[in-house]
Amino acid sequence: MRPLFHPALEDIRPEAILYALSDPERVAIFARLATAGCGGTCSALADLGDRVIPKSSLSNHFKVLRESGLIRSERQGVEMRNLTRCAELDERFPGLIRSILMAYGQLPGHDPRTLEGGVSSVANPATATK
């Protein structure tokens, strides 16, 4: 089996992130992963509510998200487990991912501290007010 490409944190570019999240389906997939906190399999994320993404399109969406540095994919048997790299990305580009998801309306009224990996604009959660 061919190894999966995951860019090193220092090789991730903002333009790659913006390109990957320029597609509404990819944003929806990424937002579900980011807010789930435990990752998900490709097939579990195919259903976007009113429609199901075909396997071929879904595979391409995950490839773009992975190669842009937004997710890490791991093979577990016959399934592919996907996890966001939110914590790493928030260290490198503070607030970028949260801002993009908010712009798409993917986090309405959502407490940013509950996103997987700590995507947050709250510097000190102990002093934050709800």
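Every chain's residues receive numbers from 1 upward, in the order its sequence appears when written. A pLDDT threshold of at least 70 governs which residues receive local features in this predicted model, and a stricter bar of 80 or more applies before side-chain atom pairs are shown or counted, although totals over entire chains, interfaces and linings include all residues. Each side-chain value is derived from all of the structure's non-hydrogen atoms; neither hydrogens nor water enter the calculation.

## Some points on the packing of helix α2 (residues 24–36) against helix α3 (residues 55–67)
In step 1: Note on geometry: axes are lines fitted to C-alpha atoms, helical ones only across the stretch in contact, with angles between N-to-C directions running from 0 to 180 degrees. A run of DSSP states H or I qualifies as a helix once it reaches four residues; a run of E qualifies as a strand once it reaches two. Both are numbered from the N-terminal end. Here α2 crosses α3 at 70°, and the two axes come no closer than 10 Å. Considering the angle they form, α2 stands roughly perpendicular to α3. Seen from above, α2 lies across α3 with right-handed handedness. Contacts between α2 and α3 involve E25, R26, I29, F30 and L33 on the former and, on the latter, L58, H61, F62, V64 and L65. The scheme is simple: roughly parallel for angles under 35 degrees, roughly antiparallel for over 145, roughly perpendicular for 65 to 115, oblique for anything else. Left-handed describes a crossing in which the near helix is turned anticlockwise from the far one by less than a right angle; the clockwise case is right-handed. Working rule for contacts: check all heavy atoms of both residues, and any pair within 4.5 Å makes them a contact.

## Digging into the nonpolar core
In step 1: One finds I17, L21, F30, L65 and L70 to be the most contacted residues of the largest nonpolar core, which totals 25 residues.
In step 2: Put simply, the parts of the chain that give this core at least two residues each are α1 (14–20), α2, α3, α4 (86–92) and α5 (96–103).
In step 3: When residues in this core are grouped by element, the largest group, 6 residues, is from α2. Residue types Ala, Val, Leu, Ile, Met, Phe, Trp, Tyr and Cys, when buried and joined through side-chain atoms within 4.5 Å, form a set referred to as a nonpolar core. Per-residue accessibility, obtained with a 1.4 Å probe over protein chains only, is compared with the maximum for each type, and a residue is labelled buried under 20%, exposed over 50%, and partly exposed between these values.

## A look at the pattern of salt bridges
In step 1: One speaks of a salt bridge when a side-chain nitrogen belonging to Lys or Arg is within 4 Å of a carboxyl oxygen belonging to Asp or Glu. Under the defined criterion, the tally for this structure stands at 2 salt bridges.
In step 2: Across the pair R51 and E25 runs a salt bridge, and its minimum N-O distance is 2.2 Å. Here the residue R51 occupies a position in the loop between β1 (40–41) and α3, and E25 occupies one in helix α2, the gap between them amounting to 26 residues.
In step 3: Using a relative accessible area of 38% as the deciding quantity, one classes R51 as partly exposed.
In step 4: Residue E25 is classed as buried on the basis of its relative accessible area of 18%.
In step 5: Between E88 and R85 there is a salt bridge, and its shortest N-O distance comes to 3.2 Å.

## A few points about the side chain of R66
In step 1: Position of R66 among the secondary structure elements: in helix α3.
In step 2: We note that R66 is buried and unpaired, the nearest opposite charge coming from E67 at a distance of 5.1 Å.
In step 3: Setting aside residues no more than four positions away along its own chain, R66 makes contact with L4, F5, H6, P7, I71 and S73. By the counting scheme adopted, Arg and Lys are positive, Glu and Asp are negative, and His together with the chain ends is not counted.

## Brief notes about the pairing of strand β2 (residues 71–76)
In step 1: In the sheet, β2 pairs with strand β3 (residues 79–84) via 6 bridges, with the strands oriented antiparallel. Directly across from E74, in β3, lies its bridge partner R81.
In step 2: By definition, two strands form a pair when at least two bridges between them are found by DSSP. Between β2 and β3, which pair antiparallel one after the other, the connecting turn spans 2 residues, and G77 there sits at a positive phi close to 65°.

## Observations regarding the packing of aromatic side chains
In step 1: Between the rings of Phe, Tyr and Trp (Trp by its six-membered ring), a pair exists once the centres lie within 6.5 Å; its type follows the angle of the planes, with under 30 degrees stacked, over 60 edge-to-face, and the other angles tilted. Tallied over the entire structure, the rule returns 0 aromatic pairs.
In step 2: A ring has a charge above it when a Lys NZ or an Arg CZ is no more than 6 Å from the ring centre and no more than 35 degrees off the ring normal. Seen from the ring of Y19, R26 lies directly overhead, with NZ or CZ sitting 5.4 Å from the centre.

## Concerning α5
In step 1: Taken residue by residue, α5 has I97, R98, I100 and L101 as its buried positions. Each buried residue of α5 sits inside an arc of 165° when the element is viewed along its axis, so together they form one side.
In step 2: Looking at the buried side of α5, the elements it contacts are α1, α2 and α4.
In step 3: Taken from the residues just after α5, G105 is the one with a positive phi, measuring 75°. Of all possible arcs, the one meant is that of the directions from the helix axis to the C-beta atoms.

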